[in-house]
Structures are given as C-alpha cells and as structure tokens.
Amino acid sequence: QVQVVESGGGLVQAGGSLRLSCTASEIIFSIDTMGWYRQAPGKQRELVAAITRGGTTNYADSVKGRFTISRDNAKNTVYLQMNSLKPEDTAVYYCNADGYSGGYYQSTYWGQGTQVTVSS
C-alpha cells in the first residue's frame, strides 16, 4: 500500500538546525513534485517548500535563505534542511508527493506529519 513517512522533527533552540526526511514507498505512479507544508495550532496549513523532479524549487517568503529543499529521485525521498530556526517555525510539518501516469495527474500522497518545536 502507498506509504509516505516523515522523520527528523524534534525540539531545538532558536538559531539551531533540523533536517527533515520523507520517503514515499509502494508508489504505483511516477512522482513529480514533492513538497513540505506546515500547520501551527489555530492556523491554516501553508506551503513551506516544493521541488519538481527536475529540481525546480519554490519557497515561502518566510523561509527563503534559511531552508533548503532537495530530493533523491531514485529513493523517492525529499529532504528539508532548516537552519536559523525561529520560534515562529514551530508547527507540524507534512510531506506530500504528486503522482502522474502518462503525463497526467493521478493523485496526491500525504504523510502524517512530524512535530518541529523551536524554543526561545
């Protein structure tokens, strides 16, 4: 069965770093864009960063210059390197992946999230 699993969250002091990983397994479609979203208590889920299979990236303005997204296509894995973390980065971080077949969108897969907490 299709499975998307995140790891790497935790508790860190302001100014510190964390590296999140996400792997999609049992995937029957080709994976194009993979990305990271986050949701803080009482707030809407927002895009943090995304990356296409070809390496084109997109970042939220709030994380530009601090976060870096990358991927390993052979392993269907996406990473998020988070540096200079701020308390406002505290949220549950979710991974997703878009599946395609014959060049057409088929479905989106989501992980269950990993908690990132930044203390001041």
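So, here is what we can say about the structure in this document. Per chain, residue numbering runs from 1 following the sequence as it is written. In keeping with the model being predicted, local features are shown solely for residues with a pLDDT of at least 70 and side-chain atom pairs are shown and tallied solely at 80 or more, while totals for entire chains, interfaces and linings include all residues. Only hydrogens and water are removed before side-chain values are computed, so all heavy atoms of the structure are retained for them.

## Let's talk about the nonpolar core
The criterion, for reference: Only buried residues count toward a nonpolar core, which is a set of Ala, Val, Leu, Ile, Met, Phe, Trp, Tyr and Cys residues joined through side-chain atoms within 4.5 Å. Relative accessibility thresholds used throughout: buried, under 20% of the residue-type maximum; exposed, over 50%; partly exposed, between the two (1.4 Å probe, protein chains only). Numbered from the N terminus, helices here are DSSP runs of H or I no shorter than four residues, and strands are runs of E no shorter than two. Here a residue-residue contact requires only that any non-hydrogen atoms of the pair lie within 4.5 Å.
Counting residues in each nonpolar core, the largest one holds 30 residues, and the members touching the most others are Trp36, Leu80, Met82 and Tyr93. Broken down by secondary-structure element, the contributors of at least two residues to this core are strand S3 (18-25), strand S4 (30-39), strand S5 (46-51), strand S7 (67-72), strand S8 (77-82), strand S9 (91-101) and strand S11 (114-119). Discounting chain neighbours no more than four positions away, the residues touching Leu80 are Leu18, Arg19, Leu20, Trp36, Val48, Ala49, Phe67, Thr68, Ile69 and Tyr93.

## Structural notes on the pattern of salt bridges
A side chain with one charge may pair with a side chain of the opposite charge, provided their charged atoms come close. Spelled out, the test is: By convention in these notes, a salt bridge is any Lys or Arg side-chain nitrogen within 4 Å of a carboxyl oxygen on Asp or Glu.
Tallied over the entire structure, the rule returns five salt bridges. Arg38 is paired through a salt bridge with Asp89; the nearest N and O atoms lie 3.0 Å apart. Of the two residues, Arg38 sits in strand S4 while Asp89 sits in the loop between S8 and S9, which places them 51 residues apart along the sequence. Residue classification places Arg38 among the buried positions, given a relative accessible area of 6%. Close ionic contact of Asp89 with Arg66 constitutes a salt bridge, the shortest N to O distance being 2.8 Å. Of the two residues, Asp89 is situated in the loop between S8 and S9 and Arg66 in the loop between strand S6 (57-59) and S7; the sequence distance between them amounts to 23 residues. Across the pair, Arg66 and Asp89 agree in class, each one buried.

## A word on the environment of Ala14
If you trace the backbone, Ala14 turns up in the loop between strand S2 (10-13) and S3. Sequence separation of Ala14 and Pro87 is 73 residues, and the distance between their C-alpha atoms is 6.3 Å.

## Observations regarding the packing of aromatic side chains
For the record, the criterion: Working definition: a ring pair exists when centres of Phe, Tyr or Trp rings (six-membered ring for Trp) sit within 6.5 Å. Plane angles under 30 degrees give stacked, over 60 give edge-to-face, the rest tilted. Two conditions define a charge sitting above a ring: the NZ of Lys or the CZ of Arg must be within 6 Å of the ring centre, and it must be within 35 degrees of the ring normal.
The final tally for this structure, using the stated rule, is two aromatic pairs. Just above the ring of Tyr94 sits the side chain of Arg45; from NZ or CZ to the centre is 3.8 Å. One residue, Arg45, lies across the ring of Trp110, its end atom 4.9 Å from the ring centre.

## A closer look at the side chain of Ser107
The topology assignment puts Ser107 in strand S10 (residues 104-110). In contact with Ser107, other than residues within four places in its own chain, are Phe29, Ala97, Asp98 and Gly99.

## A closer look at the state of the cysteines
Here is the rule we go by: Cysteine sulfur atoms that come within 2.5 Å of each other are treated as a disulfide pair.
If you walk through the whole model with that rule in mind, you get one disulfide. Between the sulfur of Cys22 and that of Cys95 lies a disulfide, 2.0 Å long from S to S. The disulfide joining Cys22 to Cys95 has a torsion of about -80 degrees about its S-S bond and is therefore left-handed. One end of the pair, Cys22, is in strand S3; the other, Cys95, is in strand S9, and 73 residues separate them in sequence. Across this residue pair, the class does not change: Cys22 and Cys95 are buried.

Everything listed here is a matter of coordinates, which is why it stays silent on function.
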